Amino acid sequence: MSGKLWGGRFSQSPSDTVFALSRSVQFDWCLAPYDLRSSLAHLAVLEKSGLLDADSSKKIRKALKELISEVGEGKFLPAATDEDVHSALERGLTEKLGAVGGALRAGRSRNDQVATDLRLYAIDQMLIIAQLLVDLQDALAKKAQEYFDAPAPGFTHLQHAQPVTLGHELAKHCHALGRDVDRIADWLDRTSVSPLGSGALSGSSLPLMPEESAADLGFASSARNSIDAVSDRDFVAEALFIFAMVGVHISRIGEEWCLWASTEFAWAKVSDAYSTGSSIMPQKRNPDVAELARGKSGRLVGNLTGVLTMLKGLPFAYNRDLQEDKEPLFDSVDTLQLVLPAVTGMVETTTFDRKKMAELAPLGFSLATEIADFLVRAKVPFAQAHEAAGKCVALCETSNRELHELSDSELSQINSSLTGEVRKFLTVDGALSSRTTLGGTSPASVSAQIEHLLGQSEESRRWISDERAAFSAMMSA
Ligand code: ARG
């Protein structure tokens, strides 16, 4: 059996080069379980509408179920002559059933079929990625909890700015990842529309009941425009944007880890299991997980760019260009499923040097803002307060001292409202514990923040596991 789905009007088979160019089964085989499941849904409506008799339906259902197991066990595989996943599976069906195996093509085109399969694949894989994101969020939140009160330098422009707690620094990543999880939740709402029943582009003259096959496949609704349904790949582009954004987020985690693990910073020690050595320099301990997290973001952004460029200017309904939506999507899914667990492990097993970070925290006159704030509390307008604090820094720099070492008279000469009282505020602990506003870096605020984050991730975990359970129940129905 050749597995060819067309040919009646042709006098020649495609040339080898055309077949090689056309062929997608070497990468779209991962759609097989979704293709078989959507075939079961299509079969059900064909039977229900009386287009297939009960006996043929029963045979086809049995053969499809056998194929589901055989594909799962790797016993049924695509052949060299198969063009894509759809033709390979139709070959499998006709090998089992003879001519009746071709009956499923009634009212269905590969155009609505591939759009349906790809949505199912994307939803399934997206939920796995959502779960991996929550795992990483939790790892970061727990690490933040461990260091909720550990002082560390805080940076702007990568220069010492104001002291922060390491817990605050670590927890910030949870918020970025939380937005990714939110994006996934609303992507799911928008993606839950079934294209099945749209046929090649215009719907079908057969009574297919697309709403029923949609519900059978767990979609919230069925497409309202068949032309849009077969050409819409917004869900692919949006998924790739989410993945690119996740890539950017983990690349920033990666960059911090690389920096913090360097000899110059020496704040972080990544465990042996998440470090690598060098083939020539025996002393090396390289943060490869962090570097790969940073590096992989390139392909995640590239996959998004590739698909958007392919879609731009594309005429509506199906065009073969759309076959190019798959490899970028599959690659981004595989990439994140590979990299996220490793980043989570790296975060979980990293330890930080509290003493080192605390020593560095006040350097670079990072407490200068405390002087300005002190003056503001004494009703000095901020512009003058800022000027005075700057003069204190300049005086310390020329006399090689720290801010708290300035004498009472030096202080009052700079600004008459500046008294020795200010020294009380010129400590890292004082600066940290005074930042108690919502979202501030004080240990108390950070503790509350982490509590909030853990509550949110528990909620995410709940809906993700409900969605995954419903999806796998649908797949095994
Ligand atoms: N392999 C094709 C794809 O991935 C399936 C749809 C082909 N449709 C067609 N009319 N040639 O897009």
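Residues numbered from 1 in each chain as written. Predicted model: local features only at pLDDT ≥ 70, side-chain atom pairs only at ≥ 80, totals over all residues. Heavy atoms only, no water.

> Go over the UniProt feature "domain: Argininosuccinate lyase C-terminal" (unreviewed entry) in the chain, please, and point to the residues and values.
Under the feature "domain: Argininosuccinate lyase C-terminal" (unreviewed entry), the UniProt entry names residues 365-432. Secondary structure within residues 365-432 divides into 59% helix and 0% strand; the distance between the first and last C-alpha atoms comes to 15 Å. (UniProt positions renumbered as here; feature names shortened; annotations may be inferred. Helix = DSSP H or I, 4+ residues; strand = E, 2+ residues; numbered from the N terminus.)

> So, the packing of aromatic side chains: which residues are in play, and what are the values?
Applying the stated criterion across every chain, the model contains 13 aromatic pairs. Geometrically, the ring pair formed by Trp 260 and Trp 267 is stacked, given 5.5 Å between the ring centres and 20° between the ring planes. The residues Trp 260 and Trp 267 share a single accessibility class, namely buried. In this structure an aromatic cluster arises from ring pairing among Tyr 147, Phe 155, Trp 257, Trp 260, Phe 265, Trp 267 and Phe 352. Note that Arg 9 overlies the ring of Phe 10, its terminal NZ or CZ placed 5.7 Å from the centroid. (Phe/Tyr/Trp six-rings, centres within 6.5 Å; stacked < 30°, edge-to-face > 60°. Buried < 20%, exposed > 50% of the residue type's maximum accessible area, 1.4 Å probe, protein only. Lys NZ or Arg CZ within 6 Å of the ring centre and 35° of its normal.)

> Kindly report on the packing of helix H3 (residues 32-48) against helix H18 (residues 443-475), identifying the contributing residues and their values.
At a closest axis distance of 10 Å, the pairing of H3 and H18 adopts a crossing angle of 65°. The orientation of H3 with respect to H18, classified from their angle, is roughly perpendicular. In this structure, H3 contributes Pro 33, Tyr 34 and Arg 37 to the contact, and H18 contributes Phe 471, Met 474 and Met 475. Its residues placed into classes, the contact of H3 with H18 shows five nonpolar, no polar and one charged. (Axes fitted to C-alpha atoms, helices over the stretch in contact; angles between N-to-C directions. Parallel < 35°, antiparallel > 145°, perpendicular 65-115°, else oblique. Contact = heavy atoms within 4.5 Å. Nonpolar A, V, L, I, M, F, W, Y, C, P; charged D, E, K, R; others polar.)

> Hey, could you go over the pattern of salt bridges for me, with residue numbers and the actual values?
What the rule picks out here adds up to 37 salt bridges. Across the pair Asp 186 and Arg 190 runs a salt bridge whose closest N-O atoms are separated by 3.5 Å. Of the two residues, Asp 186 and Arg 190 both sit in helix H7 (residues 166-191), four residues apart, roughly one turn of that helix. According to the relative accessible area criterion, Asp 186 is partly exposed, its value standing at 36%. The exposure class assigned to Arg 190 is partly exposed, which follows from its relative accessible area of 45%. One salt bridge connects Arg 435 with Glu 370, and the closest N-O pair in it is separated by 3.0 Å. Here the residue Arg 435 occupies a position in the loop between helix H17 (428-433) and H18, and Glu 370 occupies one in helix H14 (residues 368-377), the gap between them amounting to 65 residues. Per residue, the accessibility class of Arg 435 equals that of Glu 370, and both read buried. Connected through shared salt-bridge partners, Lys 62, Glu 66, Glu 70 and Lys 96 make up one network. (Salt bridge = Lys/Arg side-chain N within 4 Å of Asp/Glu carboxyl O.)

> With reference to specific residues and values, describe the environment of Arg 461.
Within the secondary structure, Arg 461 sits in helix H18. Placed 331 residues apart in sequence, Arg 461 and Ala 130 show a C-alpha to C-alpha distance of 8.6 Å. Setting aside residues up to four positions removed in sequence, Arg 461 forms contacts with Val 134, Asp 135 and Asp 138. A distance of 2.9 Å separates polar atoms of two side chains, one belonging to Arg 461 and the other to Asp 138. (Polar contact = N/O pair within 3.5 Å; in protein donor to acceptor, adjacent residues only side chain to side chain.)

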